[in-house]
Each structure stands twice: as C-alpha cells, then as structure tokens.
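Understanding the architecture of this molecule
Okay, here's what each chain looks like letter by letter:
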Amino acid sequence: MLLIFFAPDKINITLLDSCSEVEVYLIYNFLLKEDYSWSGLFDSFYDISSVYSYTGTGWIIHFSEYFEEHWRLSEDERAKEAVEISKELDSLYEKVNKVHDYICRKATYDYNEYNGMMKDDYDYKYADAHEVVGFLLDGKIVCDGYAYTYQWLLDYLGIESIVVYGTSTINGSKEGHAWNKVRLDNKWYNIDVCWADTGEGRQYFLKSDDYFESHYHIFEEDFLLPNLRAESNYTK
C-alpha cells in the first residue's frame, strides 16, 4: 500500500521508500491530470527529473519556488469575478457563454510566446502563457493557456469540460493547438476560446467534431473516443 502525505498548504508530497520510480511518476501525473486545482495551474510538460527526487529514505514530489510563488493564485480576484457574474444565471448554456466572453475580455493572445514557439531551440516549458498562471498574472496566454483557464473557471461553476489537444491548419501549415470540450445536457461540444479571442468570434462555439474537423482542427487520437464525441452543433 502506498502512503501519501499531502497538506493543501504544502508544495512537497512525501512518499514511502517502498514506492518504485514508475509509481512515483504515475502518482505525479495523477495529481496533475485528475485534480483541477493542480492541472489548471501546472501543465504536465515539465522535466520529470525536476519534479521528484529520491532522498535515500523516500521519495519527494516537489514543485520549484517558481510554482510555489504562484500556488495560491486560484483565489485570485479574476476567478472570483468570473464566478460571480455567472453563478446567478439560469442555464448552463448562459454560464458557458458568459465565462467564454469573460476570458475574451480579460485575456490577450501572447504573440511574443507564439513567435518564440516557432523557433527550433525555444524552450517554452516554464512559460506562464501556457497555463492559468499567465491569465492571472497579466492576461497574456496562448491556446493551451486559454483552454486551461476555461476549464478551470467552468470547474468552479460545476460544469464538466476537458482540454483537447490536436493541430490546426493555418495558411496551409499545421501547428499544435488546444481547445475545449464542454458537456451540456449530457452531450459534448467543442469550443475554441483562443480563436474566438483572435478574430474568429462565434464560429467555434459549441460545435460538433465534424464541424471542427472541416474547419481547420485535427484531433489527437486520444480525443476521438466514442464517449467524447460531439455529434452535432448546439442549438438552443
């Protein structure tokens, strides 16, 4: 049996010596991917050697001072504001719509980060623009930053959503991209907040998989499972 010591106000998580390195890696990924409060603020792209270590008597999963500095940003006023303006709305559709528009008003696409990503030697692993942290600090984010921020705020409202990874086709070239699927009335729909905020408006709001695939979005295989499929565009 694995014993995990975890306190909400701590960054380090201590594991028993009996854990194998594979088990530590799986636990680390579970914390990032299954707990919204972690996965929204910290993505899973960090060098594994920097996030856990063996002390001689046990394992420690830890986050650097960089992460610790931003740990409590989940209580930022922007999050509270988004929840306040949405929680009194009657329908899930209205809440999904309001949070979508809120992010578009508050966020700005980070073209400096985007241009940096196009360079072969650019290391973006610690860039705020790919996380909720970027939205909270200065509002500058790129596609996965938009997607994680949307998922994070919807979770505050009890609305199920996931971050979808794939590629987009822009001017004939393919680039890595991220967007969301949101569940309304037991059906999944695609939403691309990033493209909404960069000039596309409502073209990618609550749309089907077929619509996205025919409009410059290609899903990674993991997001083509039948139970995640968006069969149709949303109609009120």
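Overview of the structure. (Residues numbered from 1 in each chain as written. Predicted model: local features only at pLDDT ≥ 70, side-chain atom pairs only at ≥ 80, totals over all residues. Heavy atoms only, no water.)

Right, let's get into the overall build of the protein. Broken down by element type, the protein carries ten helices and eleven strands. Across the 236 residues that make up the protein, the buried fraction comes to 47%. A sequence separation of at least 24 residues applies to 57% of the contacts in the protein between residues at least 6 apart. In the form shown here, the protein has an accessible surface area of approximately 12400 Å², with 49% of it arising from carbon and sulfur atoms. (Helix = DSSP H or I, 4+ residues; strand = E, 2+ residues; numbered from the N terminus. Buried < 20%, exposed > 50% of the residue type's maximum accessible area, 1.4 Å probe, protein only. Contact = heavy atoms within 4.5 Å. Areas by Shrake-Rupley, 256 points an atom, 1.4 Å probe, with all protein chains shown as cover.)

Here we come to the sheet that holds strand S11 (residues 217-219). Sheet architecture is open: five strands sit in the order S10-S9-S8-S7-S11, paired in antiparallel fashion. Each edge of the open sheet carries a strand with a single partner, namely strand S10 (205-207) and S11. The sheet shows a mean angle of 45° between the axes of neighbouring strands, direction not considered. In this sheet, strand S9 (residues 187-191) lies alongside strand S8 (residues 173-184) in antiparallel orientation, the contact comprising five bridges. Bridge pairing links Asn 180 to Ile 191 in S9. Across the sheet, helix H5 (residues 92-106) touches S8, S9 and S10, and the angle it forms with S10 is around 125°. Running over the sheet, helix H9 (residues 193-200) touches strand S7 (161-170), S8, S9 and S11 and is turned about 115° from S8. (Pairing = 2+ DSSP bridges. Axes fitted to C-alpha atoms, helices over the stretch in contact; angles between N-to-C directions.)

Bringing the pattern of salt bridges into the picture now. One pass over the structure, following the stated rule, counts six salt bridges. Glu 160 serves as the salt-bridge partner of Arg 183, at 3.5 Å between the closest nitrogen and oxygen. Linking Arg 183 in strand S8 with Glu 160 in the loop between helix H8 (143-156) and S7, this pair joins segments that are 23 residues apart in sequence. With a relative accessible area of 38%, Glu 160 lands in the partly exposed category. (Salt bridge = Lys/Arg side-chain N within 4 Å of Asp/Glu carboxyl O.)

All right, on to the nonpolar core then. By size, the foremost hydrophobic cluster in this structure holds 51 residues, and its most contacted members are Val 96, Ile 103, Tyr 146, Tyr 150, Val 182, Ile 191 and Leu 206. In terms of residue count, H8 provides more of this core than any other element does, eight residues in total. Once you skip the residues sitting within four places of it in the chain, Ile 191 turns out to touch Val 96, His 100, Tyr 150, Trp 179, Asn 180, Val 182, Tyr 204, Phe 205, Leu 206 and Phe 212. (Core = buried A, V, L, I, M, F, W, Y, C linked by side-chain atoms within 4.5 Å.)

The topology assignment puts Asn 190 in strand S9. Side-chain polar atoms of Asn 190 contact the side chain of Trp 179, separated by 3.1 Å. What Asn 190 contacts, discounting residues up to four positions off in sequence, is Trp 179, Asn 180, Lys 181, Tyr 204, Phe 205, Leu 206, Lys 207, Ser 208, Asp 209, Phe 212, Phe 219 and Ala 230. (Polar contact = N/O pair within 3.5 Å; in protein donor to acceptor, adjacent residues only side chain to side chain.)

One non-glycine residue, Asp 185, adopts positive backbone phi at about 50°. Position of Asp 185 among the secondary structure elements: in the loop between S8 and S9. The class of Asp 185 is exposed, set by a relative accessible area of 58%. With phi around 75°, Tyr 216 is a residue other than glycine that occupies positive phi space. Within the secondary structure layout, Tyr 216 lies in the loop between helix H10 (209-213) and S11.

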